[in-house]
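Tertiary structure, described
Each chain, written out:
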Amino acid sequence: MSADWLARIAAAGDLAALEAERVAALGKQGAVTALLKTLGGMTPDERQREGPRIHALREGVTEAIAARKAALEAAELERRLATEMLDMSLPVTTGAQGSVHPVSQVMDELAEIFADLGFSVATGPEIEDDWHNFTALNIPETHPARAMHDTFYFDRLDAEGRRMLLRTHTSPVQIRTMMSQKPPIRIIAPGRTYRSDSDATHTPMFHQVEGLVIDRGIHMGHLKWTLETFLKAYFERDDIVLRLRPSYFPFTEPSAEVDVGYSIEKGRRVIGGSDGWMEVLGSGMVHPKVIAACGLDPDEWQGFAFGCGIDRLAMLKYGMDDLRAFFDGDLRWLRHYGFAALDVPTLSGGVGA
Ligand code: DAH
């Protein structure tokens, strides 16, 4: 009897078959259950003889079912582990996939250089209104500079009836910063700018960095020292020579365009020396009208500002010659001129390293 049951339980091929055997043996109508019930009708002698045998049978069957169940479950788990396995050893595509665009790299370099001089990074919206982009910068409605900027205008006006546009320069961030922070102020504002213009040296979207310092007693000497320190750190050369040419911008007075000297080495222009001059940025002392437009007293606060094309800075340092390639998304160009993602510029390691 006992051997029969144990054989049947051992032969149960899956959990359903095992459950059927359990019901057949130990269920309400089960054979072992029926045997247990016979104990009630036995004489004490018979019961003493049969009792232990029947109880042992029930125990043996229960144990055998539990053991078979565990074995079947373990086998099922093995099967699932084998069939549902993910091969984590599949090779990942080797080699770095992306690279840091030279524009991002130069922006990081600028942030690093100017952080060391105590400047923080400020931002402003690319969709601006004409007050921040022009009027507050001393470029009134009828000013010819508005036409010079080839502005992309939107049809919509903002809530205050100001005309909306894509900012033509990063200078509106000067205004936003002076209106939201108390001087002393030292910021740079790198970002995208837009003008309706396109050829080998102009793209409709390009990048600028604005610099602004507002404090008491600021003069052109501070401007010149800051630009010299910046350009030496950026080009990683000590023989950088600057030339400040008198110029005109509505938002600065006096204004200066800054040229950096280059020399010819093996037929190529190299920054440094003074064989020739290349214009790199516009600058000047912030116009008192601009300071006043931001609610500050120009008799108390003075400052300098500068604006510089980031794409051009990248071209000069890394030797690209067509600006349009910056925005083509050509993988070969990006692989050649891009920077490794972990190559974070630091002053100690060389900002362009
Ligand atoms: N905003 C000027 C431009 O886009 C550049 C510039 C010139 C910015 C002189 C300045 C500055 O802050 O002082 O052409």
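Residues numbered from 1 in each chain as written. Predicted model: local features only at pLDDT ≥ 70, side-chain atom pairs only at ≥ 80, totals over all residues. Heavy atoms only, no water.

For the protein, the helix and strand inventory stands at twelve helices and eleven strands. Over its C-alpha trace the protein gives a radius of gyration of 41 Å, far above what one expects of a compact globule, namely 20 Å for 353 residues. Referenced to the eigenvectors of the C-alpha coordinate spread, the extents of the protein come out at roughly 125 × 55 × 40 Å. Classification of the 353 residues of the protein by burial places 41% in the buried group. Contacts in the protein between residues at least 24 apart in sequence constitute 64% of all its contacts with a sequence separation of at least 6. Summed over its atoms, the accessible surface of the protein is roughly 19,300 Å², and 55% of this surface lies on carbon and sulfur atoms. The average position of the 37 basic charges and that of the 50 acidic charges among the side chains of the protein differ by 5 Å. (Helix = DSSP H or I, 4+ residues; strand = E, 2+ residues; numbered from the N terminus. Rg over C-alpha atoms; globule rule 2.2 N^0.38 Å. Buried < 20%, exposed > 50% of the residue type's maximum accessible area, 1.4 Å probe, protein only. Contact = heavy atoms within 4.5 Å. Areas by Shrake-Rupley, 256 points an atom, 1.4 Å probe, with all protein chains shown as cover. Lys, Arg positive; Asp, Glu negative; His and termini not counted. Charge placed at Lys NZ, Arg CZ, Asp CG, Glu CD.)

With an omega dihedral of 0 degrees, the bond running from Pro-183 to Pro-184 counts as a cis peptide bond. With respect to the helices and strands, Pro-184 occurs in the loop between α8 (172-180) and β5 (185-194). In this structure, Asn-138 takes a positive phi of about 65 degrees despite not being glycine. With respect to the secondary-structure elements, Asn-138 resides in the loop between α6 (130-133) and α7 (144-148). Residue classification places Asn-138 among the buried positions, given a relative accessible area of 17%. We note that Glu-236 has phi near 55 degrees; this positive angle belongs to a residue other than glycine.

Attention now goes to helix α2 (residues 15-26). In this model α2 runs 16 Å from its N-terminal to its C-terminal C-alpha over twelve residues, within 8% of the 16 Å that 1.5 Å per residue would give. Listed in full, the buried residues belonging to α2 are Leu-18, Glu-21 and Ala-25. For α2, the arc enclosing every buried residue in end-on projection is 60 degrees, short of the 170-degree limit, so these residues lie on one face. Tucked into the core, α2 has its buried residues touching α1 (2-11), α3 (31-38) and α4 (44-83). Measuring from the side-chain oxygen of the N-cap residue of α2 to the backbone nitrogen of Ala-16 gives 3.2 Å; that N-cap residue is Asp-14. (Expected span 1.5 Å × (residues − 1). Arc of directions from axis to C-beta. Polar contact = N/O pair within 3.5 Å; in protein donor to acceptor, adjacent residues only side chain to side chain.)

What follows is about the environment of Met-178. As for its placement among the helices and strands, Met-178 is situated in helix α8. In sequence terms Met-178 and Gly-295 are 117 residues apart; their C-alpha atoms lie 8.2 Å from each other.

Before going further, it helps to spend a moment on the pairing of strand β7 (residues 242-249). The sheet contact formed by β7 and strand β8 (residues 252-265) spans seven bridges and is antiparallel. Within β8, the position partnered with Pro-246 by the bridge is Ala-256. Joining the antiparallel neighbours β7 and β8 is a turn of two residues. (Pairing = 2+ DSSP bridges.)

So, about the pairing of strand β3 (residues 153-157). The pairing of β3 with strand β4 (residues 163-166) spans two bridges and is antiparallel. Within β4, the residue paired with Tyr-153 across the bridge is Leu-165. What sits between β3 and β4 in their antiparallel hairpin is a turn of five residues, with Gly-161 showing a positive phi close to 80 degrees.

The environment of the ligand is formed by 15 residues, the closest being His-169, Ser-171, Arg-195, Gln-208 and Glu-210. Residue His-169 places a side-chain N or O atom 2.9 Å away from a nitrogen atom belonging to the ligand. In this structure, Gln-208 approaches the ligand through a side-chain N or O atom, which is 2.9 Å from an oxygen atom. Looking at the shell around the ligand, the elements with two or more residues in it are β6 (205-215), β10 (276-286) and β11 (302-309). Residues belonging to the shell around the ligand are distributed by class as follows: four nonpolar, nine polar and two charged. (Near = heavy atom within 4 Å. Nonpolar A, V, L, I, M, F, W, Y, C, P; charged D, E, K, R; others polar.)

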